[in-house]
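Residues per chain are reported as follows:
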Amino acid sequence: MKRILHFNLLIVLVITFCSCADVIHKDGDWDDNIKLSVRAVEFSALSDSVTITTGGSSWWINDVSVNNDWFYDFKGISFEADRYVIKQDCFIVEHRDKNTLFIKVEANPLNVQRVITVGLEAGDYFDRVRITQKPK
């Protein structure tokens, strides 16, 4: 009798674990819950901008990089707000509403290509928009 009880308990545990296995996510192993309309953009050397829409609505800007310079500690910005602006020397990144990301880049005065990335996060899912700007 004890054997049957242990066997039944084992079966119940296996079925329970298997049914939950699809819901368990490892860090960074989430499905795309941002759903960017565009992930890569190419600009001329002139000032330009792009508006990107998202299918998800619970995302925030995690970081911005310009070539090898990284910006990630945005003081005074509430990432829970529907609207906020991050501005540095050559770019403006706006979280315009829960489904709109706006990026404006100043003209590239350099003789080398400029690469700007905007990192986004939603829960444990990370995505990135990459802007490649031609040299002057």
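Here's a quick rundown of the structure. (Residues numbered from 1 in each chain as written. Predicted model: local features only at pLDDT ≥ 70, side-chain atom pairs only at ≥ 80, totals over all residues. Heavy atoms only, no water.)

**Brief notes about the pairing of strand S6 (residues 91-97)**
Thinking step 1. Counting buried residues in S6 gives 5 out of 7 residues, a clear majority hidden from the surface.
Thinking step 2. Once strand S5 (residues 84-87) ends, the chain turns through 3 residues before running back antiparallel as S6.
Thinking step 3. Bridge count between S6 and strand S7 (residues 100-105): 6 bridges; the pairing is antiparallel. Paired with Val93 across the bridge in S7 is Ile103.
Thinking step 4. In sequence, S6 turns back onto S7 through a hairpin of 2 residues. (Buried < 20%, exposed > 50% of the residue type's maximum accessible area, 1.4 Å probe, protein only. Helix = DSSP H or I, 4+ residues; strand = E, 2+ residues; numbered from the N terminus. Pairing = 2+ DSSP bridges.)

**Here's the deal with the packing of aromatic side chains**
Thinking step 1. Per the stated rule, a full pass over the model turns up 3 aromatic pairs.
Thinking step 2. Judged by centre distance (5.6 Å) and plane angle (65 degrees), the ring pair of Phe71 and Phe91 falls under edge-to-face. Remark: Phe91 occurs in strand S6 and Phe71 occurs in strand S4 (residues 69-71); sequence separation between them is 20 residues.
Thinking step 3. Owing to a relative accessible area of 23%, Phe71 belongs among the partly exposed residues under this scheme.
Thinking step 4. Look at Phe91 and you get buried, because its relative accessible area is 2%.
Thinking step 5. Measuring from centroid to centroid gives 5.2 Å for Phe79 and Tyr84, while their planes differ by 90 degrees, and the two rings are edge-to-face.
Thinking step 6. The partly exposed category is assigned to Phe79, whose relative accessible area is 28%. (Phe/Tyr/Trp six-rings, centres within 6.5 Å; stacked < 30°, edge-to-face > 60°.)

**Notes on the pattern of salt bridges**
Thinking step 1. The tally for this structure, following the rule as stated, stands at 7 salt bridges.
Thinking step 2. Asp32 is the partner of Arg39 in a salt bridge, and the nearest nitrogen-oxygen pair spans 2.9 Å.
Thinking step 3. Judged by relative accessible area, Arg39 falls into the partly exposed class, the value being 38%.
Thinking step 4. Here Asp32 falls in the partly exposed class, since its relative accessible area comes to 26%.
Thinking step 5. A cluster of three or more residues bridged by salt bridges with shared partners is formed by Asp32, Arg39 and Asp127. (Salt bridge = Lys/Arg side-chain N within 4 Å of Asp/Glu carboxyl O.)

**A closer look at the sheet that holds strand S1 (residues 40-43)**
Pairing between the strands of a sheet comes from backbone hydrogen bonds, and it takes one of two forms, parallel or antiparallel.
Thinking step 1. The sheet built from 5 strands is open, its strands ordered S1-S9-S8-S3-S4 with mixed pairing. Both outer strands of the open sheet, S1 and S4, are each paired with one neighbouring strand and no more. Between one strand and the next, the sheet's axes are offset by a mean angle of 20 degrees, whatever the strand orientation.
Thinking step 2. Sheet topology note: the strand S8 (residues 114-122)/strand S9 (residues 125-133) ladder contains 9 bridges and is antiparallel. Within S9, the residue paired with Ala122 across the bridge is Tyr125. (Axes fitted to C-alpha atoms, helices over the stretch in contact; angles between N-to-C directions.)

**Side note on the nonpolar core**
Thinking step 1. Ranked by internal contacts, the top residues of the largest apolar core, which has 26 residues, are Ile61, Val93, Leu101, Ile103, Val118 and Ile131.
Thinking step 2. Counting only elements with at least two residues in this core, the list comes to S1, strand S2 (48-53), strand S3 (60-66), S5, S6, S7, S8 and S9.
Thinking step 3. Counting residues per element, this core draws most heavily on S8, at 4 residues. (Core = buried A, V, L, I, M, F, W, Y, C linked by side-chain atoms within 4.5 Å.)

Distances and angles like these do not, on their own, reveal function.
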